[in-house]
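Next come the chains, spelled out residue by residue.
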Amino acid sequence: ETLKVEYYNSMAKYCMKVLLFAEAREVAEADSIEIEISPKSSRTEIFSCLSSKIPELESVLKSSQLAQNHEYVSDEGSIDISASDELAVIPPIGGG
């Protein structure tokens, strides 16, 4: 008798609420979106998850910043995310 063992990626994923502001909020017609991300994710991966849930957000995300716990996240590399973090999309703010 053969025992078949399957291995799965054991990296946990978090269900995170991402806050939306300004134009992102208007386009999504919501003040937040829940996405599932890994504890090490890049800004690009997070924005990709958001636009896969709401495709209309893609154009807004191209010019937006991601904030983690009230600090902007770099465009480069991954960030360490914990379940208690606050993530937010900050579109450019017009003025004049």
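Structure: above.
Residues numbered from 1 in each chain as written. Predicted model: local features only at pLDDT ≥ 70, side-chain atom pairs only at ≥ 80, totals over all residues. Heavy atoms only, no water.

A.B. asks: How would you explain the pairing of strand β2 (residues 32-37) if you had to name every residue and give the values?
C.D. replies: Residues in a regular strand point their side chains to alternate faces of the sheet. Covered by surrounding structure in β2 are I33, I35 and I37 only, the residues S32, E34 and E36 on the alternate face being uncovered. Here six bridges tie strand β1 (residues 14-20) to β2, and the two strands are oriented antiparallel to one another. Looking at the pairing, K17 lines up with E34 of β2. (Buried < 20%, exposed > 50% of the residue type's maximum accessible area, 1.4 Å probe, protein only. Helix = DSSP H or I, 4+ residues; strand = E, 2+ residues; numbered from the N terminus. Pairing = 2+ DSSP bridges.)

A.B. asks: Tell me about the pattern of salt bridges, and please be specific about residues and values.
C.D. replies: On inspection of all chains with the given rule, the structure shows two salt bridges. Salt-bridge contacts for K40 lead to D80; the nearest nitrogen and oxygen are separated by 2.6 Å. Highlighted residues: K40 in strand β3 (residues 40-42) and D80 in strand β6 (residues 78-80), separated in sequence by 40 residues. With a relative accessible area of 54%, D80 lands in the exposed category. Between R43 and D75 there is a salt bridge, with its nearest N and O atoms 3.2 Å apart. Here the residue R43 occupies a position in helix α2 (residues 43-53), and D75 occupies one in the loop between β5 (71-72) and β6, the gap between them amounting to 32 residues. (Salt bridge = Lys/Arg side-chain N within 4 Å of Asp/Glu carboxyl O.)

A.B. asks: Tell me what's going on with the pairing of strand β4 (residues 65-68), and back it up with residues and numbers.
C.D. replies: Pairing of β4 with strand β7 (residues 87-90), which is carried by four bridges, proceeds in the antiparallel orientation. Residue pairing for β7: Q68 is matched across the bridge by L87. Connecting the antiparallel pair β4 and β5 is a turn made up of two residues, with N69 showing a positive phi of about 50°.

A.B. asks: Describe the sheet that holds β2, and please don't skip the residues or the numbers.
C.D. replies: Strand order in the open sheet formed by five strands is β2-β1-β7-β4-β5, and the pairing between neighbours is mixed. In this open sheet, the two strands that pair with only one neighbour each are β2 and β5. Two strands pair when backbone bridges link them, and β1 and β7 are joined in this way by three bridges, in the parallel orientation. When the bridges of β7 are listed, L19 appears paired with A88. With respect to the sheet, α2 is in contact with β1, β2, β4 and β7, its orientation differing from that of β2 by roughly 120°. (Contact = heavy atoms within 4.5 Å. Axes fitted to C-alpha atoms, helices over the stretch in contact; angles between N-to-C directions.)

By themselves, these figures tell us nothing about what the structure is for.
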